[in-house]
Amino acid sequence: MSRPLKIMLVAAEASGDALGAALAEALKARLGDDVVFVGVGGARMAEAGVASPFDIGDLSVLGWLEGLKAYGVVKRRVADTAALAAAERPDAVVLIDSWGFTIRVAKAIRAALPDTPLIKYVGPQVWASRPGRAKTLAASVDHLLALYAFDAPWFEREGLPTTVVGSQALHVDMSAADPAAFRASRGIAADAPLLLVLPGSRRSEISLMTPVYEAAVARLKQADPGLEVAVIAAGPVADLVTAEVATWPFRAHLVPEGDKYPAMKAATVALATSGTVSTELALAGAPMVISYRFQPLSYAIMRPFFTGKYATLFNHAADEEIAKELIQADATAENLAAEVGRLLADPEARASQAARQTAALDLMGREGRDPSEIAAEAVLRVIAAKSGGQVG
């Protein structure tokens, strides 16, 4: 190819932004100046050379009701993204996570550029809900980059070629994370019990979860005034978390996202909103309790579509509720305080849960190659197959 390869990367929330940035870096490592990027993403993709034409902050929504409220914004951004593709005419488009947004973008780009390879990076969790999405995706894109081996059969049955690349969360390097230094820098004694609270990375999660976490922690603090509390303020919602925690009637150490790995390793127990952080906490060896709440109407609409036994990936991989999951009506301050309190009071239970979490990570493919490298190779193979030549 006489010109640089042009690859379009599209991500609509923080987790996808991280994946997109890592994929861009892996492609640059292979191709150097022979690859350029266009697309949609956040700050991390911008640092990797993907300049987004708009802020993706308004696209991070979860739930039917929230999706309806954001529909107008999503529709405009889908049109903007498809217009960018039509103007740039990339050699391939990689659509990262964020099902509701990216499937609409896939259909719009397919209509405008029918010969452009479309690659989905992270498929919908059809093992947990709405398995019909596998057929929808197979009809909309050319290839899937799946995170886990248990994902692949669902899509391959529908005729969608799938490459299992592994999860970047399983390859986080925590070797430099110093839990002792984390505690010392915040005046937390080495032997003090430390509860780490991770309220989420979506704005809707913060508004729904922080009140119940505050109430649960208040109960735990009443039972043990010596309990130390730290709260992770994820980048996209740091302002909201900071404002919420400032009103709590007890001291909580606010932790910027850049310090989350030392905090995870320092934690005695974690209380986390369901998501990628559960895998990172397991890597750090932190026993945890998982929770989630949706808007009530959204949950009522979505509940019949939930077919999986567990929300947490390592629970699903092990087919066992290793970490307690308290979802929706079960996500009460009383229940959360009881489960966290049980772990805080029982060192043997903590050690057992941490060990079982680690074993489940092995089932998820923790020892594989770097996912971004595998993803980059797969993207180049798809482009080569479509063009009939060799790329990279």
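One structure accompanies this document, and this report is about it. (Residues numbered from 1 in each chain as written. Predicted model: local features only at pLDDT ≥ 70, side-chain atom pairs only at ≥ 80, totals over all residues. Heavy atoms only, no water.)

Here we look at the overall build of the protein chain
Here is the rule: Think of it this way: any DSSP run of H or I at least four residues long counts as a helix, any run of E at least two long counts as a strand, and we number them from the N terminus. As a reference, a globule follows 2.2 Å times the number of residues to the power 0.38, and the radius of gyration itself is taken over C-alpha atoms. Each residue's exposure class comes from its accessible area (1.4 Å probe, protein chains only) as a fraction of the maximum for that residue type: buried when under 20%, exposed when over 50%, partly exposed otherwise. Should any heavy atoms of two residues lie within 4.5 Å, those residues are counted as being in contact. The Shrake-Rupley method, run with a 1.4 Å probe, gives the accessible areas here. Residue values count only the displayed protein chains as cover. When charges are counted, neither His nor the chain ends are considered; positive counts come from Lys and Arg and negative counts from Asp and Glu. To locate a charge, the coordinates of NZ of Lys, CZ of Arg, CG of Asp or CD of Glu are taken.
Tallying secondary structure elements over the protein chain gives 17 helices and twelve strands in all. Taken over C-alpha atoms, the radius of gyration comes to 21 Å for the protein chain, in line with the 21 Å a tight globule of 392 residues would show. A burial count over the protein chain gives 52% of its 392 residues as buried. Pairs at least 24 residues apart make up 69% of the contacts formed inside the protein chain by residues separated by at least 6 positions. Working note: accessible area of the protein chain is about 16500 Å², and carbon and sulfur atoms make up 53% of it. Of the side-chain charges in the protein chain, 38 are positive and 44 negative, and the distance between the mean point of each set is 5 Å.

Considering the sheet that holds strand 2 (residues 35-40)
For sheets, the rule is that strands pair by backbone hydrogen bonds, running either parallel or antiparallel. For clarity, the threshold we go by: Two strands are said to pair when DSSP picks up at least two bridges between them. An axis is simply a line fitted to the C-alpha atoms; with a helix, the fit covers only the stretch in contact. Between two such axes, the angle follows the N-to-C directions and lies from 0 to 180 degrees.
Overall, parallel pairing links the six strands, which are arranged 2-1-3-4-5-6 in an open sheet. Of all the strands in the sheet, the pair left with one neighbour each is strand 2 and strand 6 (162-164). Direction aside, neighbouring strands of the sheet carry axes that sit 20° apart on average. Where strand 4 (residues 118-121) meets strand 5 (residues 143-146), three bridges bridge the pair, whose relative direction is parallel. Each bridged residue has a counterpart across the sheet, and for Lys 120 the counterpart in strand 5 is Leu 144. Where helix 1 (residues 14-31) meets the sheet, it contacts strand 1 (5-11), strand 2, strand 3 (92-96) and strand 4, and its direction lies at approximately 165° from that of strand 1. Across the face of the sheet, helix 4 (residues 71-88) comes into contact with strand 1 and strand 2 while running at roughly 180° to strand 1.

Focus on the side chain of Ser 274
Structurally, the position occupied by Ser 274 is in the loop between strand 10 (269-273) and helix 12 (277-284). Among residues more than four places away in sequence, those in contact with Ser 274 are Ile 290, Ser 291, Tyr 292 and Ala 311.

A word on the packing of helix 9 (residues 203-223) against helix 10 (residues 238-246)
Where we set the bar: By the definition adopted for this analysis, an angle is roughly parallel if under 35 degrees, roughly antiparallel if over 145, roughly perpendicular if from 65 to 115, and oblique otherwise. Should the near helix be turned anticlockwise from the far one by less than a right angle, the crossing is left-handed, and should it be turned clockwise, the crossing is right-handed.
At their nearest, the axes of helix 9 and helix 10 sit 9 Å apart, and the two run at 15° to each other. Regarding the angle of helix 9 to helix 10, the classification is roughly parallel. Two packed elements cross with a definite hand, and for helix 9 against helix 10 that hand is right-handed. For the pair helix 9 and helix 10, contact is made by Arg 203, Ile 206 and Thr 210 and by Asp 239, Leu 240, Val 241 and Glu 244, respectively.

Comments concerning the nonpolar core
Put simply, the rule reads: Residues enter a nonpolar core if they are buried and are Ala, Val, Leu, Ile, Met, Phe, Trp, Tyr or Cys, with the set joined through side-chain atoms within 4.5 Å.
Judged by nonpolar contacts, the single largest core of 67 residues is most densely connected at Ile 7, Leu 9, Val 94, Tyr 121, Leu 196, Leu 281 and Phe 314. Here the element with the most residues in this core is helix 17 (residues 371-387); it accounts for eight residues. Excluding residues that lie within four positions of it along the chain, Leu 9 makes contacts with Gly 20, Leu 23, Ala 24, Phe 37, Val 38, Gly 39, Val 40, Met 45, Val 50 and Val 94.

Brief notes about the sheet that holds strand 9 (residues 253-256)
Here we have six strands laid out as an open sheet, ordered 9-8-7-10-11-12, and parallel in their pairing. In this open sheet, the two strands that pair with only one neighbour each are strand 9 and strand 12 (324-327). Geometrically, the sheet is characterised by an average inter-axis angle of 20° between neighbouring strands, direction not taken into account. Contacts between helix 15 (residues 333-345) and the sheet are confined to strand 7 (194-198), strand 10, strand 11 (288-292) and strand 12, with strand 11 contributing the most and set at about 170° to the helix.

Observations concerning the pattern of salt bridges
Pairing is possible between side chains that carry opposite charge, provided their charged atoms lie close to one another. To keep things clear, this is the line we draw: Any Lys or Arg side-chain nitrogen found within 4 Å of a carboxyl oxygen on Asp or Glu counts as a salt bridge.
Within this structure, the stated rule accounts for 22 salt bridges. Among the salt bridges present, the one from Arg 3 reaches Asp 91, with a minimum N-O distance of 2.7 Å. Taken together, the residues span a long stretch of sequence, with Arg 3 in the segment before strand 1 and Asp 91 in the loop between helix 4 and strand 3 at a distance of 88 residues. Given a relative accessible area of 14%, Asp 91 falls into the buried group. Between Glu 25 and Lys 28 there is a salt bridge; the shortest N-O distance is 3.5 Å. Here Glu 25 pairs with Lys 28, and both are found in helix 1, just three residues apart, close to one helical turn. Of the residues examined, Lys 28 reaches a relative accessible area of 28% and is grouped as partly exposed. One network of salt bridges, with partners in common, ties together Arg 30, Arg 369, Glu 373 and Glu 377.

What to know about the side chain of Thr 273
Rules: Definition of a polar contact: a pair of N or O atoms within 3.5 Å, with one able to donate and the other able to accept a hydrogen when the atoms are protein atoms, and with sequence-neighbouring residues admitted only if both atoms are side-chain atoms.
Positionally, Thr 273 belongs in strand 10. Exposure remark for Thr 273: the relative accessible area of 2% places this residue in the buried category. Only 2.9 Å separates the side chain of Thr 273 from the side chain of Tyr 213, close enough to count as a polar contact. Non-local contacts of Thr 273, meaning those with residues more than four positions away in its chain, are made with Leu 198, Pro 199, Gly 200, Glu 205, Met 209, Tyr 213, Ser 291 and Tyr 292.

Re the environment of Ala 331
Inspection of the secondary structure assignment puts Ala 331 in the loop between strand 12 and helix 15. Classification of Ala 331 as buried rests on a relative accessible area of 0%. Each C-alpha atom of the pair Ala 331 and Gly 159 lies 39 Å from the other, and the pair is 172 residues apart in sequence.

A word on helix 4
For clarity, the threshold we go by: Every helix has an expected span of 1.5 Å times one less than the residues it contains. Summarising the geometry, the arc corresponds to the directions from the helix axis toward the C-beta atoms.
Taking 1.5 Å per residue, 18 residues should reach 26 Å; helix 4 reaches 26 Å between its end C-alpha atoms and fits that length. Along helix 4, the residues that are buried comprise Val 74, Val 78, Thr 81, Ala 82, Leu 84 and Ala 85. The arc that holds the buried residues of helix 4, viewed along the axis, is 155°, so those residues lie on one side. Exposed residues pointing more than 90 degrees away from the buried face of helix 4 are listed as Lys 75, Arg 76 and Ala 87. Immediately downstream of helix 4, the backbone of Arg 89 shows phi near 50°, a positive value.

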